[in-house]
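# Secondary and tertiary structure notes
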Amino acid sequence: MSLQLKFVMPSDPRYLPVVRGAIGPLAAAMGWDESDCRAITLALDEAVANIIRHAYHNRADGLIELECRESADGLEVTLLDNGEAPDRTRVCARAIACDQPGGLGTHIIKDVMDTVSYQATPAGNRFVATKRLRKTI
Amino acid sequence: MKISIRDAGTVKIVEIEGDVDLGTSPDLRSALFETLLEAPKLALNLAAIRYIDSSGIATLLEVLQDSQRRNKEFVLFGLSPAVQQVFHLTHVVRIFQVFQTEEEALGSA
């Protein structure tokens, strides 16, 4: 039976440690090493933090649904929210390796995960990211 | 997250313990901006940080820019492998003055 995890939480940053506490061990159980587990945890923490900041504008009363699922070749993560839709022109708009403080999170997500997509759906904003598990023989 | 501040000569050393994320980085930002006003040099000890995200890195970049505007020095030391990984992922590792030990950080002026 494949590993999976699903929960709904308020858009409150105090829940970010809860997200991290769930994702890291789940990634480890799926087979990633410590460094990859940290990177995956960071990327998904950033994705949730982006929803809190940009979709809900730091309001703590929104809802975020997080689902992680073990796929045939790795991990698929889906986040759903009902806040403001992301402005795609601002996703990864920041140049890397510059000293400006904003826009780092989306670069982390893109660098760590293999695929990332944002969609506006009738159920809300849908963020889907996948990462393949490269098994060594 | 816990923040403590001590003096080493004219240098202010700020030590952080715990997680720096979207929820806690505003407190770190306030502490660093206030402390920077009190000394010509601020050294930040990151050894006891378990986790830092992009909001924490953004805070450090803001403090660095403020220190440069004020002609002061802002240095980092004690980065764990986990923190170093975030610095590499955010491509900021070359932007900061980073030292392994407090002694090296204090002697950098």
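Residues numbered from 1 in each chain as written. Chains lettered and ligands numbered in written order. Predicted model: local features only at pLDDT ≥ 70, side-chain atom pairs only at ≥ 80, totals over all residues. Heavy atoms only, no water.

Looking now at helix H1 (residues 16-30) of chain A. For H1(A), built from 15 residues, the straight-helix expectation of 21 Å at 1.5 Å per residue is met to within 8% by its first-to-last C-alpha distance of 21 Å. What H1(A) keeps buried is the set Leu16(A), Val19(A), Arg20(A), Ile23(A), Gly24(A), Leu26(A), Ala27(A) and Met30(A). The elements touched by buried residues of H1(A) are strand E1 (4-10), helix H2 (34-55), strand E2 (63-71) and strand E3 (74-81) of chain A together with strand E2 (11-20) and strand E3 (41-52) of chain B. One or two residues past the end of H1(A) sits Gly31(A), with phi positive at roughly 120 degrees. (Helix = DSSP H or I, 4+ residues; strand = E, 2+ residues; numbered from the N terminus. Expected span 1.5 Å × (residues − 1). Buried < 20%, exposed > 50% of the residue type's maximum accessible area, 1.4 Å probe, protein only. Contact = heavy atoms within 4.5 Å.)

Structurally, Glu46(A) is set in helix H2. The residues touching Glu46(A), leaving out its near neighbours within four places in the chain, are Gly105(A), Ile108(A), Ile109(A), Asp53(B) and Ser54(B).

Contact residues are listed per partner, giving 26 residues for chain A and 21 residues for chain B. Taken together, the two surfaces of chain A and chain B that pack against each other cover about 1,900 Å², and 62% of this comes from carbon and sulfur. Joining chain A to chain B, the criterion identifies 2 salt bridges. Note that Arg20(A) and Asp21(B) form a salt bridge whose closest N and O atoms lie 3.0 Å from each other. Our count for the contact surface shared by chain A and chain B stands at 7 residue pairs in polar contact (both at pLDDT 80 or more). Only H1, H2 and helix H3 (104-112) of chain A provide two or more residues apiece to the side of chain A that touches chain B. (Buried area = accessible area lost by both parts, 1.4 Å probe. Salt bridge = Lys/Arg side-chain N within 4 Å of Asp/Glu carboxyl O. Polar contact = N/O pair within 3.5 Å; in protein donor to acceptor, adjacent residues only side chain to side chain.)

On to the pattern of salt bridges, then. Note on pairing: side chains with opposite charge can pair once their charged atoms come close. A complete count under the given rule lists 17 salt bridges over all chains for this structure. We note a salt bridge from Arg69(A) to Glu76(A), for which the minimum N-O separation is 3.4 Å. Look at Arg69(A) and you get partly exposed, because its relative accessible area is 34%. With its nearest N and O atoms 2.9 Å apart, the salt bridge here joins Glu62(B) to Arg29(B). Pair noted here: Glu62(B) is in helix H2 (residues 54-69) and Arg29(B) is in helix H1 (residues 25-36), with a separation of 33 residues, a long-range link. For Glu62(B), a relative accessible area of 21% translates into the label partly exposed. Sharing partners across several salt bridges, the network here consists of Arg20(A), Asp45(A), Asp19(B), Asp21(B) and Arg50(B).

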